[in-house]
Amino acid sequence: METTRGTAEPVPGELVSVAHALSLPAESYGNDPDIEMAWAMKAMQHAEVYYKLISSVDPQFLKLTKVDDQIYSEFRKNFEKLRIDVLDPEELKSESAKEKWRPFCLKFDGVVEDFNYGTLLRLDCSQGYTEENTIFAPRIQFLAIEIARNREGYNKAVYTSVYDKEEEKEGNHGRGKGADSAQAEEKGANRERENAKTNKGEEKEKEANKEIHKSSEIAM
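The shown structure was predicted, so the numbers you read here are calculated from the model rather than taken from an experiment.

Tallying secondary structure elements over the protein gives seven helices and two strands in all. Across the protein, helices and strands are ordered from the amino to the carboxyl terminus as α-α-α-α-α-β-β-α-α. A burial count over the protein gives 29% of its 220 residues as buried. Only carbon and sulfur atoms are counted for the fraction: they give 52% of the accessible area of the protein, which is about 14900 Å².

Moving on to the packing of helix α3 (residues 68–78) against helix α6 (residues 139–151). At their nearest, the axes of α3 and α6 sit 9 Å apart, and the two run at 90° to each other. When the axis of α3 is compared with that of α6, the two are roughly perpendicular. Here Asp68, Asp69, Ile71, Tyr72 and Phe75 of α3 come into contact with α6, specifically with Ile140, Leu143, Ala144, Ile145, Ile147, Ala148 and Arg151. Among the residues making up the contact of α3 with α6, the classes are represented as nine nonpolar, no polar and three charged.

This paragraph deals with α3. Think of an α-helix as 3.6 residues a turn; residues three or four steps apart then line up on the same face. Asp68, Ile71, Glu74, Phe75 and Arg76 are the residues of α3 that are buried. Summarising the contacts, the buried residues of α3 are in contact with α5 (95–106) and α6.

Before going further, it helps to spend a moment on the pattern of salt bridges. On inspection of all chains with the given rule, the structure shows nine salt bridges. Among the salt bridges present, the one from Asp58 reaches Lys156, with a minimum N-O distance of 3.3 Å. Taken together, the residues span a long stretch of sequence, with Asp58 in the loop between α2 (33–56) and α3 and Lys156 in helix α7 (residues 156–219) at a distance of 98 residues. For the salt bridge of Glu146 with Arg149, the shortest nitrogen-to-oxygen distance reads 2.9 Å. In this pair, Glu146 and Arg149 both sit in helix α6, three residues apart, roughly one turn of the helix. The class for Glu146 is buried, based on a relative accessible area of 0%. Counted as one network, the salt bridges with shared partners bring together Glu74, Lys77 and Lys107.

So, on to α5. The end-to-end C-alpha separation of α5 is 17 Å, in line with the 16 Å expected for 12 residues at 1.5 Å each. When α5 is considered as a whole, its buried residues turn out to be Ala97, Trp101, Phe104 and Cys105. End-on view of α5: buried residues confined to an arc of 95°, all on one side of the axis. The exposed set on the far side of α5, more than 90 degrees from its buried face, consists of Glu95, Ser96, Glu99 and Leu106. Those residues of α5 that are buried lie in contact with α3, α4 (90–93) and α6.

Let's shift gears to the nonpolar core. Counting residues in hydrophobic clusters, the biggest one holds 33 residues, and the most contacted among them are Ile71, Phe75, Trp101, Phe104, Leu121, Ile140 and Ile145. For this core, the secondary-structure elements that each account for two or more residues are α2, α3, α5, β1 (118–122), β2 (134–138) and α6. For this core, the element with the highest residue contribution is α6, accounting for seven residues. Setting aside its immediate chain neighbours within four residues, Phe104 contacts Ile71, Glu74, Phe75, Asn78, Phe79, Ile140 and Ala144.

What follows covers the environment of Thr119. You can see Thr119 is positioned in strand β1. On the basis of relative accessible area, Thr119 is assigned to the buried category, the value being 1%. Each C-alpha atom of the pair Thr119 and Ala40 lies 8.2 Å from the other, and the pair is 79 residues apart in sequence. Excluding anything up to four places from it in sequence, Thr119 contacts Trp39, Ala43, His46, Ile135, Phe136, Ala137, Pro138, Arg139 and Phe142. At a separation of 2.8 Å, a polar atom in the side chain of Thr119 contacts the main-chain carbonyl oxygen of Ala137.

This model, assessed by the stated rule, comprises nine aromatic pairs. Centre to centre, the rings of Phe75 and Phe104 are 6.5 Å apart; their planes meet at 65°, and the pair counts as edge-to-face. Taken together, the residues Phe75 in helix α3 and Phe104 in helix α5 connect sequence positions 29 residues apart. Exposure class is identical for Phe75 and Phe104. Each is buried. Put simply, the rings of Phe75, Phe79, Trp101, Phe104 and Phe108 touch in pairs and so form one group of aromatic residues.

The rules behind each value
- Residue numbers restart at each chain and count upward from 1, following the sequence in its written direction.
- Given that this is a predicted model, residues contribute local features only at a pLDDT of at least 70 and side-chain atom pairs are listed and counted only at 80 or more, while totals for whole chains, interfaces and linings are drawn from all residues.
- Each side-chain value is derived from all of the structure's non-hydrogen atoms; neither hydrogens nor water enter the calculation.
- A run of H or I in DSSP becomes a helix once it reaches four residues, and a run of E becomes a strand once it reaches two; helices and strands are each numbered from the N terminus.
- Think of it in three bands: with a 1.4 Å probe and only protein chains considered, a residue is buried below 20% of the maximum accessible area for its type, exposed above 50%, and partly exposed in between.
- For the area figures, the Shrake-Rupley method with a 1.4 Å probe applies, and any residue is considered shielded solely by the protein chains shown.
- Inter-axis angles, ranging from 0 to 180 degrees, are taken between N-to-C directions of lines fitted to C-alpha atoms, where helices are fitted over the stretch in contact.
- What sets the label is the angle itself: under 35 degrees gives roughly parallel, over 145 gives roughly antiparallel, 65 to 115 gives roughly perpendicular, and the rest give oblique.
- Whether two residues touch is decided by their heavy atoms; if any such pair falls within 4.5 Å, the residues are in contact.
- Classification used: nonpolar for Ala, Val, Leu, Ile, Met, Phe, Trp, Tyr, Cys and Pro, charged for Asp, Glu, Lys and Arg, polar for all others including Gly.
- A side-chain nitrogen of Lys or Arg and a carboxyl oxygen of Asp or Glu constitute a salt bridge if their distance falls within 4 Å.
- Under the convention used throughout, the expected extent of a helix is 1.5 Å for every residue step, that is, one less than its residue count.
- Taken from the helix axis, the directions to the C-beta atoms give the arc we talk about.
- Nonpolar core, defined: a set of buried Ala, Val, Leu, Ile, Met, Phe, Trp, Tyr and Cys residues in which side-chain atoms within 4.5 Å join the residues together.
- Counting of polar contacts relies on pairs of N or O atoms within 3.5 Å, with two restrictions inside protein: one atom must be capable of donating a hydrogen and the other of accepting it, and residues adjacent in sequence are counted only when both atoms are side-chain atoms.
- Each Phe, Tyr or Trp ring, with Trp reduced to its six-membered ring, pairs with another whose centre is within 6.5 Å; inter-plane angles below 30 degrees give stacked pairs, above 60 give edge-to-face pairs, and intermediate values give tilted ones.

Purely spatial values, then, with no claim about function.
Pasting the structure below:
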């Protein structure tokens, strides 16, 4: 990819070509490393947003598109026994698998926006988007599998894990507050004891002064 002199920013014409390339299905990219990198960065941004979503909200209540019901119904009708908690790449990428997935994906051409747009898909749904746990997939394939994972409870492992960590942090914070409160109470008790001692001392001093005053009057 050509760049403007002295910078690494693409010229406007290149931005248009990159944007057009990113709208194409993944198999159209060929071996152009610049286009592959631009697409991968775009896909990673989408993945980060989605992972934050399923980490902060119970995934069973998520709605990813206006046609989630249709996607899920068609998916399970065509892939009834497909294991989705931990995906086997061969079930997605082998020639026989592609032959089965292709008609399913094409059903959503014009129904789901950018249905063949490139996305990142996690193999093990209990884990995040690591290099070892990620494969490229068309958007409709991502949606079909993730909607099923949400509805069938598999993605809840992510939400539960994050929720448990937050609870643990709050518990540690609460214990810290409890320790601070105990220390404050102890300091308060010490102050009260010191004040009591001071008051007693002042009373004894007053009594002593009275005795001294009485003795002085008698002596006079």
